[in-house]
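Structural characterization, general
Given next are the chains, with one letter for each unit.
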Amino acid sequence: MAELQQTPTPLCCCRKSLPVTRPWCVGDSTRPSAVPGPGSPQCPLVDVASASNFSCFQLQHFHLDLRLNFAVKEMSGWLVLDLIPIQMGNHILVLDSHPSLLIHSIDCKVPRSGQEEPVSLTYRIDPFTDYGSSLNISLPAAAVKPGRLIEITIRYTTTDGPAIWWLDSELTCGQSRPLVFTQGHSVCNRSFFPCFDTPAVKSTYTATVRVPDGVTVLMSASRSAYSKQDRVFQFSMEFPVPSYLVALVAGELQHVDVGPRSRVWAEPCLLSCAVKKLGGSVEHWLGVAEDLFGPYLWGRCDIVFLPPSFPIVAMENPCLTFIIASILESSEFLLIDVIHEIAHGWFGNTVTNATWEEMWLSEGLATYAQRRITTEAYGEAFTCLETVVRLDALHRQLRLLGDNNPVSKLQVKFEPGVNPSSLMNLFTYEKGFCFVSYLSKLCGDIHRFDHFLRDYISKFKFKSVVAQDLIDYFLGYFPELQGAAVAQREGLEFERWLSGCGPPLYEPDLSGGDPLIQPVQDLCDLWRNIECPDLQTVTSFDLSVWSTFQIVLFLDRMLDHSPLPHGDVANTIGRTNCYSTLFDGLNAEVQIRWLQMVVRNTFYPDLPRVQAFLHKHVRARQHSLWLSYFFSLKIK
């Protein structure tokens, strides 16, 4: 997942049928043996972000049957859960739910038991946290037997929940028809359908969705079909996925194939631009990733571009990445974000973090994989430059939060009631990336580490893991490192990496990016160290030939030292007139940084651009908040 980037604390930011086995339990004795590591988990796994009793049942499959009503902004229908009780004496099923879900009825059937009619069940809804509630369902004692399948059907209606975003037509890009999409990460999908809303549980699913005429429905599924006469879409996801990766979008959407297994979806007004920007790149990136990490297991790799109301940059929903349309303004950011979501096809989707307390297992590994892909496809210098931009942002965030802030840990221990989504930060991505880079350095050969990651995916595919699983497998894969006790190396102990606060204990060598980075630093030094920079010297740097990441790095480092030293800075900026003219024609990532420079350095001629930018890019209800934020920046 890629988060929206907001200065001053930017964030990095969506098949063949397999048998479904019992829920995979962390700490399984069948795993490769290695020296005991810190905090080795014990069964059953506890997920404090879930109210459900997921460890008591095996979820084999679920089916959604929904009708979309755009007029009243509701989804209504039913959910069928195929469950197998794991132990005797458990007659209560607890699911994650949300106050925005209106439960109408719940019943139970036992297939092939001779019971023809479903049995109506009693249930109770209890508060859990501010992001959900618990749905407690009483099961018939006679029906609940370990190993015997039961079918639970829940009829319900959704209202205005955090997972479901209804957009009136004027909020879409084309402004002609309304649109709805869902966003399940991290714990939002409990307001889409009752579920075991934890990444520890994976299952296959199917869905039937009924819509008004002229509406196209897409889901994060491997197969789909459409009956035009009945206006019914049918979907099937044949590989097990956690609840947060179930996603839906419906509206006026069209597509163009851009490769043998990828197509681009968008509103008609965006489609040609999106296709032009991506071209045949998706298949190229997939091929590079497969060479590094093994086969892409999900079949389809489609992309749907969503209106600016999409709350994050991109989401790695299997088979169908969701991505914000405004990213089309920047080819480089589009490239990075799409490759990052492709990397999640291996790291995050195929092998998933078992709890949100170790989200870095998805985001840190995906970031490392993303950079291996870009290095192979675009060279070391490009990747090093992008990495420097992100690591600069990481250290900027550390300066704001302090080195002892617990959110800087890789293993963040959630207190009950804390929303995991609120703790998405750069440490998850960049400190996680640095730890994976350190593991790569330990094995001494980056290509040897590629083979390790390929085998890691093969070993744990379609399972959920904790950090100790990765570490144990790493040490078992490289016995010479285990013998050298690298996990206890002073100052770089794995335990300190995982549970220690502060900056990464190791950062990779990024000197390969110096040809692109040094000119940026030279210009920054010119502005920062001289009261009134010489106009001729300033204009000798031709920013029009710089890449987007070079300009972003320049502005970020200038912002770190703004307001600039006293002198005729505003006059120099005005006389050059190059920055305003150049940046005004570039993407939002550049503009938002330049406009903060304008405010912090009180460059009055460009102040009207601030309000114009906010009017274009920010939803109306946030406009005044952001305007106040911008004009507070002049206070150091």
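Structure: above.
These remarks concern the structure in this document. Quick caveat: nothing in here was measured; it's all calculated off a predicted structure. Starting from 1, residues in each chain are numbered consecutively following that chain's sequence as written. Only residues with pLDDT of 70 or above have their local features reported here, since the model is predicted, and side-chain atom pairs are shown and tallied only from 80 upward, although totals for entire chains, interfaces and linings are computed over all residues. Note that the side-chain values use all heavy atoms of the structure and ignore hydrogens as well as water.

1. Here's the deal with helix 2 (residues 281-293)
Strands are runs of DSSP state E lasting at least two residues, helices are runs of H or I lasting at least four, and both sets are numbered from the N terminus onward. Helix span, as expected, comes to 1.5 Å for every residue beyond the first. An ideal rise of 1.5 Å per residue puts 18 Å on 13 residues; helix 2 measures up with 18 Å between its terminal C-alpha atoms. Throughout, a residue-residue contact means that at least one pair of heavy atoms, one from each residue, lies within 4.5 Å. On the buried face of helix 2, the contacting elements are strand 17 (262-266), helix 1 (268-278), strand 18 (302-306), helix 3 (331-343), helix 4 (360-378) and helix 7 (446-460). Phi turns positive, to about 100°, at Gly-294, one or two residues after helix 2.

2. A short note on the packing of aromatic side chains
Here the aromatic set is Phe, Tyr and Trp, taking the six-membered ring for Trp, and pairing holds for ring centres within 6.5 Å; pairs whose planes are under 30 degrees apart are stacked, those over 60 apart are edge-to-face, and all others are tilted. In total, this model carries 41 aromatic pairs according to the counting rule given. Geometrically, the ring pair formed by Phe-382 and Phe-549 is edge-to-face, given 6.1 Å between the ring centres and 80° between the ring planes. Of this pair, Phe-382 sits in helix 5 (residues 380-401) while Phe-549 sits in helix 13 (residues 548-560), and the two are 167 residues apart along the sequence. The class of Phe-549 is buried, set by a relative accessible area of 0%. Pairwise contacts between aromatic rings join Tyr-368, Phe-433, Phe-449, Phe-452, Tyr-456, Phe-460, Tyr-473, Phe-474, Tyr-477 and Phe-478 into one cluster. Charge-over-ring placement is defined geometrically: NZ (Lys) or CZ (Arg) within 6 Å of the ring centre, and within 35 degrees of the ring normal. Positioned above the aromatic ring of Trp-78, the side-chain terminus of Arg-155 is 5.8 Å from the ring centre. Here's how the labels work: a residue is buried when its accessible area is under 20% of the maximum for its type, exposed when over 50%, partly exposed in between, all with a 1.4 Å probe on protein chains only.

3. A short note on the side chain of Thr-355
Within the secondary structure, Thr-355 sits in the loop between strand 21 (351-353) and helix 4. Excluding residues within four positions of it along the chain, Thr-355 makes contact with Leu-45, Val-46 and Pro-199.

4. Comments concerning the pattern of salt bridges
As a working rule, side chains carrying opposite charge can pair if their charged atoms are close by. Salt bridges, as used here, are contacts in which a Lys or Arg side-chain nitrogen is within 4 Å of a carboxyl oxygen on Asp or Glu. A full pass over the atoms with the stated rule returns 22 salt bridges. Residues Arg-261 and Glu-290 are paired through a salt bridge, measuring 2.8 Å at the closest nitrogen-oxygen approach. Taken together, the residues span a long stretch of sequence, with Arg-261 in the loop between strand 16 (254-259) and strand 17 and Glu-290 in helix 2 at a distance of 29 residues. Taking the relative accessible area as the measure of exposure, Arg-261 reaches 18% and is therefore buried.

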